[in-house]
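Residue-level structural notes
These are the residues of each chain, in order.
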Amino acid sequence: MTQYLKKYQNKVKEFGPGFEKYFNLHYDEKSQTFILPEERCSVVERELDLAGYFCIVTSEKMSAKEAIELYKSRDVSEKLFRGDKSYLGNKSIRVYSEESARAKIFVEFVAMIVRCKMYIKLKEEMKKLDKKLNYMTVPAAIKELENIEMVRQLDNIYRLDHAVTANQKVILKAFGLDANSIKYFASELSKELKKAE
C-alpha cells in the first residue's frame, strides 16, 4: 500500500477509506496535491497481533497449495454435516433402532464424500475454463445432470430422451466423461432393463 501511495506523491489524488484506515494522508493545502503517507503504526500493529499461523501435517507428499485445498474441502464437508439438518433431512433421524440410525448416518457420510469429490472436480475444471459458469456448483451441476433421462420408446427399448446439452458436456468433462460415455451407459442400462423384463 505504501508503494502504491508513493506513486501519487505531488499529484492530485483522493484515496478511499481503506487507505485512510492505515495511513494519515497529508495533502498540500493550496494545490490539494498528495504529499506523503504516514503509516498509523498502532493500527497496523493491532492487525498483525490478530494475524496467525497454522500448520497442516500430511502423510502424503504434496505442495502447500494442494494441502490447503484438501483441508478446505474437508472443512466444507464438516460444515455440510452441520447443515444436513436443513437439506439432507436429518433434523430428526426418524428411525427407531440404533442400527437404522447408524445406517442413515453412514449413507449421509458417503453422500458427503461424493459431494466433496464433485466439488473438487468442478473447481479444477472451472480453473481451466477461465470464466465463471453458474452451473458449475455442486447443486447446479446435479440439477443439470438430472435432465439426462431415458424413456421407453414404442419398440420397448429404453433410449436417451434427448441429446446431451452443451452445459452437460462441460460438467461431464470435469468427471472425465463425454456424450459418448453417456450413450454407452444408456445402451448398457437399456440391455439390463430388457433382461429384467
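Let me sum up the structure you'll find in this document. The model shown is predicted, which means the values in this text are computed figures rather than measured ones.

Moving on: the overall build of the chain. When helices and strands are counted, the chain shows 8 helices and 4 strands. For the chain, the sequential pattern of α-helices and β-strands runs α-α-β-β-α-α-α-α-β-β-α-α. The globule rule puts the C-alpha radius of gyration for 197 residues at 16 Å, and the 28 Å found for the chain is more than 25% above it. By principal-axis analysis of the C-alpha atoms, the chain measures approximately 90 × 45 × 35 Å. Residues classed as buried in the chain amount to 20% of the 197 residues present. Each charge sign in the chain was given a centre, from 36 positive and 30 negative side chains, and these centres are 2 Å apart.

Here the focus is the environment of Glu69. Relative to the elements of secondary structure, Glu69 occurs in helix H4 (residues 64-87). According to the relative accessible area criterion, Glu69 is partly exposed, its value standing at 31%. For the pair Glu69 and Ile120, spaced 51 residues apart in sequence, the C-alpha separation works out to 8.8 Å.

Moving on to the side chain of Ser190. Tracing the chain through its elements places Ser190 in helix H8 (residues 179-196). One polar contact links the side chain of Ser190 to the main-chain carbonyl oxygen of Tyr158, over a distance of 3.0 Å. Among all residues touching Ser190, those that are not within four sequence positions of it are Met150, Ile157 and Tyr158.

A few words on helix H5 (residues 98-129). Structurally, the α-helix is built with 3.6 residues per turn, so residues lying three or four positions apart point the same way. In this model, H5 (32 residues) spans 46 Å end to end at C-alpha, consistent with the 46 Å of a helix rising 1.5 Å per residue. Taken together, the buried positions of H5 are Ala101, Glu108, Met112, Cys116, Met118, Leu122 and Glu125. Positive backbone phi, at 60°, marks Asp130, one or two positions downstream of H5.

This part takes up the environment of Glu66. Position of Glu66 among the secondary structure elements: in helix H4. Taking the relative accessible area as the measure of exposure, Glu66 reaches 43% and is therefore partly exposed. Linking Glu66 and Lys131, residues 65 residues apart in sequence, is a C-alpha distance of 22 Å.

Here we come to the packing of helix H6 (residues 138-145) against helix H7 (residues 166-174). Between H6 and H7, whose axes approach to 10 Å, the crossing angle comes to 120°. Judged on the interaxial angle alone, H7 and H6 are oblique. Handedness of the crossing formed by H6 with H7: left-handed. Residues Ala141, Glu144 and Leu145 of H6 form the contact with H7, whose own contacting residues are Asn167, Gln168, Ile171 and Leu172. Residue classes in the contact of H6 with H7 are distributed as 4 nonpolar, 2 polar and 1 charged.

All right, on to the packing of aromatic side chains then. Following the criterion strictly, the structure yields 8 aromatic pairs and no others. Taken together, the aromatic side chains of Tyr4, Tyr8, Phe15, Phe19, Tyr27 and Phe34 make up a single cluster linked through ring pairs. Sitting over the face of the ring of Tyr8, Lys13 holds its NZ or CZ atom 4.9 Å from the ring centroid.

It is worth spelling out the pairing of strand S2 (residues 34-39) at this point. Residues in a regular strand project their side chains so that they alternate between the two faces of the sheet. Direction of pairing for strand S1 (residues 23-27) relative to S2: antiparallel, over a ladder of 5 bridges. The residue of S2 that forms the bridge with Phe23 is Glu39. The hairpin turn running from S1 into S2, its antiparallel successor, is 6 residues long, and Gln32 in that turn takes a positive phi close to 60°.

With that out of the way, let us pick up the pattern of salt bridges. One pass over the structure, following the stated rule, counts 7 salt bridges. As a salt-bridge pair, Lys21 and Glu47 come within 3.2 Å of each other at their nearest N and O atoms. Taken together, the positions of Lys21 in helix H2 (residues 17-22) and Glu47 in helix H3 (residues 41-50) put the pair 26 residues apart, joining distant regions of the chain.

As a further point, take unusual backbone geometry. Excluding glycine, residues mostly have negative phi values, and the peptide bonds linking residues are mostly trans. The phi dihedral of Asn10 is positive, around 65°, even though this residue is not glycine. For Asn10, the location among the structural elements is in the loop between helix H1 (2-6) and H2. Given a relative accessible area of 60%, Asn10 falls into the exposed group. A positive phi angle is found at Gln32, which is not glycine, with a value near 60°. Among the residues examined, Gln32 registers a relative accessible area of 47% and is labelled partly exposed.

What counts, and at which threshold
- Residues numbered from 1 in each chain as written.
- Predicted model: local features only at pLDDT ≥ 70, side-chain atom pairs only at ≥ 80, totals over all residues.
- Heavy atoms only, no water.
- Helix = DSSP H or I, 4+ residues; strand = E, 2+ residues; numbered from the N terminus.
- Rg over C-alpha atoms; globule rule 2.2 N^0.38 Å.
- Buried < 20%, exposed > 50% of the residue type's maximum accessible area, 1.4 Å probe, protein only.
- Lys, Arg positive; Asp, Glu negative; His and termini not counted.
- Charge placed at Lys NZ, Arg CZ, Asp CG, Glu CD.
- Polar contact = N/O pair within 3.5 Å; in protein donor to acceptor, adjacent residues only side chain to side chain.
- Contact = heavy atoms within 4.5 Å.
- Expected span 1.5 Å × (residues − 1).
- Axes fitted to C-alpha atoms, helices over the stretch in contact; angles between N-to-C directions.
- Parallel < 35°, antiparallel > 145°, perpendicular 65-115°, else oblique.
- Left-handed = near helix turned anticlockwise from the far one by under 90°.
- Nonpolar A, V, L, I, M, F, W, Y, C, P; charged D, E, K, R; others polar.
- Phe/Tyr/Trp six-rings, centres within 6.5 Å; stacked < 30°, edge-to-face > 60°.
- Lys NZ or Arg CZ within 6 Å of the ring centre and 35° of its normal.
- Pairing = 2+ DSSP bridges.
- Salt bridge = Lys/Arg side-chain N within 4 Å of Asp/Glu carboxyl O.

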